[in-house]
Amino acid sequence: MVQSKSSVKLPPLSEVAFVVKDVDKTVAFYNSCSLGPFIVFEEVIKGYTYKGKQGDCRLKIATMNAQPIQVSFMQPLEGETPFSDFLKEKGEGVHHFGFMTNNADELKNILAEFAKEGIEPVFSGIGKTAEFAYLDTDKIGGVMIEVWCHRTYLDIMLDDVY
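Residues numbered from 1 in each chain as written. Predicted model: local features only at pLDDT ≥ 70, side-chain atom pairs only at ≥ 80, totals over all residues. Heavy atoms only, no water.

Engineer: For this particular structure, what's the right way to read the overall build of the protein?
Structural biologist: For the protein, the helix and strand inventory stands at four helices and eight strands. Secondary structure elements in the protein, listed N-terminal to C-terminal, are β-α-β-β-β-α-β-α-β-β-β-α. Relative to the 2.2 N^0.38 estimate, which gives 15 Å for 162 residues, the radius of gyration of the protein is 16 Å and therefore close to what a compact globule would have. Each principal axis of the C-alpha atoms in the protein carries an extent, and together these give about 45 × 45 × 30 Å. Scored against the burial criterion, the 162 residues of the protein give a buried share of 42%. Intrachain contacts of the protein at a sequence separation of at least 6 include 58% that bridge at least 24 residues. In the form shown here, the protein has an accessible surface area of approximately 9500 Å², with 57% of it arising from carbon and sulfur atoms. Taken together, the 16 basic and 23 acidic charged side chains of the protein have centroids lying 4 Å from each other. (Helix = DSSP H or I, 4+ residues; strand = E, 2+ residues; numbered from the N terminus. Rg over C-alpha atoms; globule rule 2.2 N^0.38 Å. Buried < 20%, exposed > 50% of the residue type's maximum accessible area, 1.4 Å probe, protein only. Contact = heavy atoms within 4.5 Å. Areas by Shrake-Rupley, 256 points an atom, 1.4 Å probe, with all protein chains shown as cover. Lys, Arg positive; Asp, Glu negative; His and termini not counted. Charge placed at Lys NZ, Arg CZ, Asp CG, Glu CD.)

The following block contains the structure:
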């Protein structure tokens, strides 16, 4: 059963993310409307978990800093992800609200609080610079919640060693 209320307290909203078919065309359009600048890059995420299965994916992402919120456009390129499924099922649109935590411990505490309410991550992993979890909250309002934190410099450097 989908709950209509939650007792979990999230940090301030840090991101609104859209799934799009073509990041470059989307950025060109919004730049022509005087929005931007956007930083466009590709992200490879290896060993994530989606719907209980391990996988790898490649995304093309554009971000615009609209302090205090980042606006992101996400284009799935390879792999099964909530972004590719969203595009197939709903087309382009608002996909998730992102909430940045201060550290991995705070991230884990928030996930534990959601778990007490029966809300579990459907997509989670560790990218090059961030640890993340997307929660199955899109049954209310059609938008997922992402909770994430930056990885420490030491963790990033150790990736290259191990």
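Engineer: Is there a simple way to explain the pattern of salt bridges in this structure?
Structural biologist: Two side chains carrying opposite charge are able to pair once their charged atoms lie near each other. Summed over all chains, the structure comprises nine salt bridges. Close ionic contact of Glu 78 with Arg 58 constitutes a salt bridge, the shortest N to O distance being 3.2 Å. You can see Glu 78 sitting in strand β4 (residues 69-78) and its partner Arg 58 sitting in strand β3 (residues 53-66), a full 20 residues away along the chain. On the basis of relative accessibility, which here comes to 45%, the residue Glu 78 falls in the partly exposed class. Across the pair Lys 88 and Asp 85 runs a salt bridge whose closest N-O atoms are separated by 3.8 Å. Here Lys 88 and its partner Asp 85 are both found in helix α2 (residues 82-90), three residues apart, which amounts to about one turn of the helix. When its relative accessible area of 67% is taken as the criterion, Lys 88 is described as exposed. The network of salt bridges with common partners includes Glu 42, Arg 58 and Glu 78. (Salt bridge = Lys/Arg side-chain N within 4 Å of Asp/Glu carboxyl O.)

Engineer: How should I be thinking about the packing of aromatic side chains in this particular structure?
Structural biologist: The geometry of an aromatic ring pair is captured by two quantities: the separation of the ring centres and the angle between the planes. Enumeration according to the criterion identifies 11 aromatic pairs in this entry. Plain terms: the ring middles of Phe 83 and Phe 123 are 5.8 Å apart, the flat faces sit at 90 degrees to each other, and that makes the pair edge-to-face. Of this pair, Phe 83 sits in helix α2 while Phe 123 is found in strand β6 (residues 121-126), placing the two residues 40 residues apart along the sequence. The buried category is assigned to Phe 123, whose relative accessible area is 1%. Residues Phe 83 and Tyr 134 carry aromatic rings whose centres are separated by 5.5 Å and whose planes lie at 85 degrees to one another, so their mutual orientation is edge-to-face. Highlighted residues: Phe 83 in helix α2 and Tyr 134 in strand β7 (residues 130-135), separated in sequence by 51 residues. Overall, Tyr 134 belongs to the buried group, its relative accessible area being 4%. Each member of the aromatic cluster is reached from another via a ring pair, and the members are Tyr 48, Tyr 50, Phe 83, Phe 123, Phe 132 and Tyr 134. (Phe/Tyr/Trp six-rings, centres within 6.5 Å; stacked < 30°, edge-to-face > 60°.)

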